[in-house]
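If you want the building blocks of each chain, they are given just below.
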Amino acid sequence: QVQLVESGGGLVQAGGSLRLSCAASGIIFSINAMGWYRQAPGKQRELVAQITGGITTNYADSVKGRFTISRDNARNAMYLQMNSLKPEDTAVYYCNAERVHTSRGWGNYWGQGTQVTVSS
């Protein structure tokens, strides 16, 4: 069983910074891609940033230049450094792991989410 646990969310003023962490636990052989998604009230879940193989990154246009995704493959962990936060960044942020290889085969997994609130 693979579990993803996020941490680091909270309340911050506009212009401030937060660092989110995601830790994957379980008997994991490999993880192809990890990413951060977010969902604001009344809106669909959207991709914020994704990192594949620990090297290739992809960002939503709205966060480019402000957010940085990174990954520690040895620890099956992922991070999101969020700078210059804006009120429109307020959402629940979810950790995602794609094509996770375990003894049971391959699967995709989600964390439970962590709330990020940016006040104006």
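Here the structure is a predicted model, which means the values were calculated and not measured.

> Requested: an account of the state of the cysteines, with residues and values cited.
The full count for this structure, using the stated rule, is one disulfide. Each sulfur of the disulfide joining Cys22 and Cys95 lies 1.9 Å from the other. Measuring handedness by torsion sign, the sulfur bridge of Cys22 and Cys95 sits at about -70° and is left-handed. Within this pair, whereas Cys22 is found in strand 3 (residues 18-25), its partner Cys95 is found in strand 9 (residues 91-102), the two being separated by 73 residues in sequence. The class of Cys22 is buried, set by a relative accessible area of 1%. For Cys95, a relative accessible area of 0% puts it in the buried group.

> Break down the nonpolar core for me, with residues and values.
Counting 30 residues, the largest nonpolar core has Trp36, Leu80, Met82 and Tyr93 as the members making the most contacts within it. At the level of secondary structure, the elements contributing two or more residues to this core comprise strand 3, strand 4 (28-39), strand 5 (46-52), strand 7 (67-72), strand 8 (77-82), strand 9 and strand 11 (114-119). The leading source of residues in this core is strand 9, at five residues. Sequence-distant contacts of Met82, defined by excluding residues within four places in its chain, comprise Gly16, Ser17, Leu18, Leu20, Arg66, Phe67, Tyr93 and Val116.

> Quick rundown of the sheet that holds strand 8? Include the residues and the values.
In spatial order, the strands read 1-3-8-7; together these four strands make up an open sheet with antiparallel pairing. Both outer strands of the open sheet, strand 1 (3-7) and strand 7, are each paired with one neighbouring strand and no more. With direction set aside, neighbouring strand axes in the sheet form an average angle of 15°. Pairing analysis gives five bridges linking strand 1 to strand 3, with the strands arranged antiparallel. Within strand 3, the residue paired with Ser7 across the bridge is Ser21.

> Tell me about the packing of aromatic side chains, residues and numbers included.
Following the criterion strictly, the structure yields one aromatic pair and no others. Ring centres of Tyr37 and Trp110 lie 5.0 Å apart, and the angle between their planes is 65°; on these two criteria the pair is classed as edge-to-face. In this pair, Tyr37 sits in strand 4 while Trp110 sits in strand 10 (residues 105-110), placing the two residues 73 residues apart along the sequence. Take Trp110: its relative accessible area is 41%, and that puts it in the partly exposed class. The ring of Trp110 carries Arg45 above its face, with NZ or CZ at 4.7 Å from the centroid. We note Arg99 situated over the ring of Trp106; from NZ or CZ to the ring centre the distance is 4.4 Å.

> I'd like a description of the pairing of strand 9, backed by residues and values.
Bridge count between strand 4 and strand 9: 10 bridges; the pairing is antiparallel. By the bridge assignment for strand 9, Ser30 is matched with His101. Note that strand 9 and strand 11 share three bridges and pair antiparallel. The partner of Ala91 across the bridge, within strand 11, is Val116. Relative to strand 10, strand 9 runs antiparallel, the two being bridged by five bridges.

Analysis parameters
Residues numbered from 1 in each chain as written. Predicted model: local features only at pLDDT ≥ 70, side-chain atom pairs only at ≥ 80, totals over all residues. Heavy atoms only, no water. Disulfide = S-S within 2.5 Å. Helix = DSSP H or I, 4+ residues; strand = E, 2+ residues; numbered from the N terminus. Buried < 20%, exposed > 50% of the residue type's maximum accessible area, 1.4 Å probe, protein only. Core = buried A, V, L, I, M, F, W, Y, C linked by side-chain atoms within 4.5 Å. Contact = heavy atoms within 4.5 Å. Pairing = 2+ DSSP bridges. Axes fitted to C-alpha atoms, helices over the stretch in contact; angles between N-to-C directions. Phe/Tyr/Trp six-rings, centres within 6.5 Å; stacked < 30°, edge-to-face > 60°. Lys NZ or Arg CZ within 6 Å of the ring centre and 35° of its normal.

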